[in-house]
Amino acid sequence: MFLHSLKYEIKVGLRNKELIMWLIIFPIVLGTFFKIAFGNIYSSEIASSIPVAVVENVENKTFDTVMSGIAESDDPLFDPCYTDEESAEEKLKNGDVSGIIYVDKDGLSMGVSGTDGIEQSIIESFIRQYTARETVIKAAAENDPMSIPAVVEAMNISEDMNSTIPLTDGNTDLYIQYFYNLIAMVGMFGSITGLHIAMENQANLSPSGARNNVSPVNKLTKIIASLLGSFLEQAVCIVISTSYIAFVLGVDFGSRLPLVYLSGILGGFAGVSMGFFVGSIGSMGIGAKTGLSMSFSMICCALSGLMVGDIKAMISEYAPVINKINPAAVISDSFYCLNLYRDYDRYIEKIATLLIIIMAFTLGGFLMTRRKKYASL
Amino acid sequence: MKIAKSKLGVAMTFVLIMVAVGLMNSSTSDNNGNSFASTKIKAAVIDEDDSEASRALTEYIASAHTLTEVENDKDVILDKLFYQKVQYVLVIKEGYGEKLANGDTSDLFENYKDPNTFSASFFENTLDEYVAAVRGCAAGGEDMSAALEKGAELASAKVDVKIGGGGNAESASGNQSRLNVMYYKMLTFLFVAIMVEVLCPILLVLKGDEIRKRMDSSCLSRTSQTLQIFLGSAVYTVALWAFVNIIIFAMNGFSYSARDCLHLVNSFAFALVSAGIALLITSLKPAENVINLIGMSISLGMSFICGSFVPMSMLGDGILAAARFLPAYWYVRASEIISGSQASGGAYMKDLLICLGIQLLFAAALFASVLAVTRARHGRQKAAA
């Protein structure tokens, strides 16, 4: 009987083509939008030469030597363009340069278009560094001209002063978390299918529920078959959307892709079981329960960082328990652990949390739907 | 009303999400003044030397950047770097003070960072600036304590900055409340999501076969039915627009400026566009259980691509060129024009009117499409009968 129920559950699921299509189309559309929107942001944040206009109101050979040294280095910090004041301001206005360096007889100053910005701060830092060196050398020249070579030598920073300790081989692109959250959202939206399992097994909520209740099929067998059917349906949706994001959009999930699929599929199961749980609560109609389920899913996804990337980090600082029990955050964290950590400790913890969430929702749903009797319908 | 009531929870959830996201975003505040403020990197220092020199360096970093605390644990540091809670972790190695005094600048520090980013380059620039200044002063004859003090002073010296040349609205939003701008930008998500989530199910019920047949057999003409549906939708649209603006008004401390009145007009134009989107979706008669998926795809997708959640200045030219074909782009652009510090003068008003006009044209095109789709469907139904 179980296999018979499972077969028909899968058939019913497959006939709901519009829902399946949208569960697949939705991440494909959003994933494509995310890729378009975020594809270049990280690479634009990677340091390249900063375009800067240089307006020399007086000749300064030392400055010219320093600037040409920077521009001709292997990894130049600045891409200078020597020009007059009017044209430099025009370039700044059009966004062709990030800032202007004015070389006057009183020293260097800077022109910018806004009131902040990292590129502008780097230009400011360069001017300060140049001015500081000039000041120190001038002071040495005044106090003890013989010390100038030693001062210049001392101010040369050795290349191995500061070495970087590598932390991970994974993808450190911050914007990848939007894709994690997108897959988590697909999983959470599986609650729509889970909701129908509960609705179609409660006689007071749907005509098919009434028919199912008078049939001689064991209720538990029927519900388990329905849940398994929905799990399979949701797993297919997750596999297709994850494959699209990983292979078509080329999002780098790290080297452990099979486990990424596993996390996504378990996330889908968590969504279905959550929908089953919500659908089993009370005698509200399908509209109200869909509303409740969607609201909960949206809140979980928003708290997981679907709209603001660093919201999860803020929550982990002020209320870490929310991140530990929010299914969307747990799904997205499991992807994060696979991408960045070499060991499996944290990943296993996340998967265990997901399994507990699935079991808790499923058991809660069972407890609420079992042994129900209807005096009249 | 019954259907609308059942969807009230979802609508309120979206509003709550907007308020929470806006508050979270506003907490990451940038410079709001009118003078140039150097970017401060979120940095952490792990001092393994604990000498006078290392403490002086930590003090200098605290004055130049935003110093945060971090445990000396690689996993914790990785978490913090990934979520940008810290952008640079500097480890001052044991023997730093001694080496600096001896003029040896090799192997002084170690660091954890997201490589090749401007923030890392900037931090390293300031570090080089400080070490070079301290070393220069010491080589010039100052004793180490004086060199440390003078080095920090030189590395923090003020640079003469001239602000001008137009600039983008994102960095020039200055005196406009950051929170306010954030809320208004997020309306692209909120309006479309709520309109689709709440208005579509109501209209789908009215367009259901049985109700449609009952209405067709009544004495009401089809034009009158359509007009009443449009009017009902208009009431709902105005109510939603007013409700959201009252919330922003309340969040703003019940004070409104002339700019906020322009935001009101702009948000109303986008509310009309959102109503048009909801009506168009309804006219295509999707299944009720996929409406929220359609709504999410459109609202989130359009918001991300048009710069509601990510500043327009960070999106590439190609993306912005494509976004011009979406109404949300013109709404966000109008919001940025209104919020910009150069928000005065004829050119500003002309740009703003263009943005508003394009939004209204989008709304008109959407309403016309609704009428065309409805008429085509009705024609097909008649032919089938």
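Everything numeric here is computed off the predicted structure, so don't read it as measured data.

S.K.: Explain the overall build of chain B to me, please; I cannot follow it from the model alone.
M.R.: When helices and strands are counted, chain B shows 16 helices and 5 strands. When burial is assessed residue by residue, chain B has 50% of its 385 residues classed as buried. Partitioning the contacts of chain B with sequence separation of at least 6, the portion at a separation of at least 24 is 73%. Summing over all exposed atoms, chain B offers an accessible surface of approximately 16400 Å²; the carbon and sulfur share of this is 59%.

S.K.: In this structure, what is going on with the overall build of chain A? I would like to understand it.
M.R.: Secondary structure summary: chain A contains 17 helices and 5 strands in total. Here the C-alpha radius of gyration of chain A, 31 Å, is well above what a compact globule of 377 residues would show, namely 21 Å. Looking at chain A as a whole, 52% of its 377 residues qualify as buried. Sequence separation of 24 or more characterises 72% of the internal contacts of chain A that already satisfy a separation of 6 or more. Accessible surface computed for chain A: about 16500 Å², of which carbon and sulfur atoms make up 61%. Averaged over its 26 positive side-chain charges, chain A has a centre that lies 28 Å from the centre of its 38 negative ones.

S.K.: Whenever I open this one, the pairing of strand S3 (residues 88–92) of chain B confuses me. Can you help?
M.R.: Residue and element names in this part refer to chain B. Of all 5 residues in S3, 5 are buried; the element is thus mostly enclosed. With burial as the criterion, each face of S3 is covered, one bearing Tyr 88, Leu 90 and Ile 92 and the other bearing Val 89 and Val 91. As defined by bridge partners, strand S1 (residues 42–47) adjoins S3 across 5 bridges and the pair is classed as parallel. When the sheet's bridge partners are listed, Ile 46 is paired in S3 with Val 91. Two elements, S3 and strand S4 (residues 109–113), share 5 bridges in a ladder whose sense is antiparallel.

S.K.: Explain a negative patch on the surface here, please?
M.R.: All names here are of chain A. A cluster of acidic residues, Asp 84, Glu 86, Glu 90 and Asp 96, forms a negative patch at the surface. Looking at the element boundaries, Asp 84 is found in the loop between strand S2 (78–82) and helix H5 (85–94). Looking at Asp 84, the relative accessible area reads 44%, which means it is partly exposed.

S.K.: Just checking my understanding: could you explain the sheet that holds S2(A) for this structure?
M.R.: Whether parallel or antiparallel, the strands of a sheet pair through hydrogen bonds between backbone atoms. In space, the 5 strands of this open sheet follow the order S2(A)-S1(A)-S3(A)-S4(A)-S5(B), with mixed pairing throughout. A single partner strand is all that each edge strand has here, and the edge strands are S2 of chain A together with strand S5 (161–163) of chain B. Strand-to-strand twist of the sheet, defined as the mean angle between neighbouring strand axes without regard to direction, takes the value 25°. Alignment of strand S1 (residues 50–56) of chain A against strand S3 (residues 99–104) of chain A, held across 5 bridges, turns out to be parallel.

S.K.: Help me understand the interface of chain A and chain B in this model?
M.R.: Contacts between chain A and chain B engage 104 residues on the former and 100 residues on the latter. For the pairing of chain A and chain B, the buried interface totals around 8800 Å² over both sides, and the portion due to carbon and sulfur atoms is 66%. A salt bridge links Glu85(A) to Lys162(B); the shortest N-O distance between them is 3.4 Å. Linking chain A with chain B are 17 residue pairs in polar contact (both at pLDDT 80 or more), by the criterion used here. Residue contributions to the side of chain A that touches chain B peak at 15 residues, all from helix H6 (residues 118–143) of chain A. For the side of chain A that touches chain B, a count of residues per class yields 57 nonpolar, 30 polar and 17 charged. Pairing analysis gives 3 bridges linking strand S4 (residues 107–112) of chain A to S5(B), with the strands arranged parallel.

S.K.: Mind showing me how you'd approach the environment of Ile325(A) here?
M.R.: As for its position among the elements, Ile325(A) is in helix H15 (residues 320–325). Residues Ile325(A) and Lys350(A) lie 25 residues apart in sequence; the distance between their C-alpha atoms is 9.9 Å.

S.K.: Help me understand the nonpolar core, please; the structure alone is not making it clear to me.
M.R.: Buried together is how nonpolar side chains tend to be arranged in soluble globular proteins. Formed by 159 residues in total, the largest nonpolar core has its most connected members in Met307(A), Met296(B) and Leu300(B). For this core, the element with the highest residue contribution is helix H9 (residues 178–206) of chain B, accounting for 17 residues. Counting 55 residues, the second largest nonpolar core, distinct from the first, contains Val112(A), Val136(A), Leu90(B) and Leu108(B).

S.K.: Would you take a moment to explain the pattern of salt bridges for this structure?
M.R.: Close approach of charged atoms allows side chains with opposite charge to pair. With the rule as written, the count across this model stands at 11 salt bridges over all chains. Each of Glu85(A), Glu89(A) and Lys162(B) takes part in a single network of salt bridges with overlapping partners.

S.K.: Quick question: what am I supposed to make of a nonpolar patch on the surface here?
M.R.: All names here are of chain A. A grouping of Ile 10, Leu 14, Leu 228 and Leu 232 is seen on the molecular surface, where their side chains present a nonpolar patch of about 320 Å² in accessible area. Contributing elements (two or more residues each) for the nonpolar patch: helix H1 (2–15) and helix H11 (219–248). Note on placement: Leu 14 falls in helix H1. Assessed through its relative accessible area of 53%, Leu 14 is described here as exposed.

S.K.: Which parts of the structure should I look at to understand the packing of helix H8 (residues 176–189) of chain A against helix H13 (residues 291–305) of chain B?
M.R.: Helix-helix packing is characterised by the crossing angle of the two axes and by the distance between the axes. The N-to-C vectors of H8(A) and H13(B) enclose an angle of 170°; their axes lie 13 Å apart at closest approach. In this view, H8(A) runs roughly antiparallel relative to H13(B), as classed from their interaxial angle. Once H8(A) is placed against H13(B), the crossing between them reads as right-handed. Together, Tyr178(A), Met185(A) and Phe189(A) of H8(A) and Leu293(B), Met296(B), Leu300(B) and Phe304(B) of H13(B) make up the contact between the two elements. Residues that form the contact of H8(A) with H13(B) fall into these classes: 7 nonpolar, no polar and no charged.

Reading the values: rules and limits
- Residues numbered from 1 in each chain as written.
- Chains lettered and ligands numbered in written order.
- Predicted model: local features only at pLDDT ≥ 70, side-chain atom pairs only at ≥ 80, totals over all residues.
- Heavy atoms only, no water.
- Helix = DSSP H or I, 4+ residues; strand = E, 2+ residues; numbered from the N terminus.
- Buried < 20%, exposed > 50% of the residue type's maximum accessible area, 1.4 Å probe, protein only.
- Contact = heavy atoms within 4.5 Å.
- Areas by Shrake-Rupley, 256 points an atom, 1.4 Å probe, with all protein chains shown as cover.
- Rg over C-alpha atoms; globule rule 2.2 N^0.38 Å.
- Lys, Arg positive; Asp, Glu negative; His and termini not counted.
- Charge placed at Lys NZ, Arg CZ, Asp CG, Glu CD.
- Pairing = 2+ DSSP bridges.
- Patch = residues over 30% accessible without salt bridge, like charges linked within 9 Å, V, L, I, M, F, W, Y side chains within 5 Å.
- Salt bridge = Lys/Arg side-chain N within 4 Å of Asp/Glu carboxyl O.
- Axes fitted to C-alpha atoms, helices over the stretch in contact; angles between N-to-C directions.
- Buried area = accessible area lost by both parts, 1.4 Å probe.
- Polar contact = N/O pair within 3.5 Å; in protein donor to acceptor, adjacent residues only side chain to side chain.
- Nonpolar A, V, L, I, M, F, W, Y, C, P; charged D, E, K, R; others polar.
- Core = buried A, V, L, I, M, F, W, Y, C linked by side-chain atoms within 4.5 Å.
- Parallel < 35°, antiparallel > 145°, perpendicular 65-115°, else oblique.
- Left-handed = near helix turned anticlockwise from the far one by under 90°.

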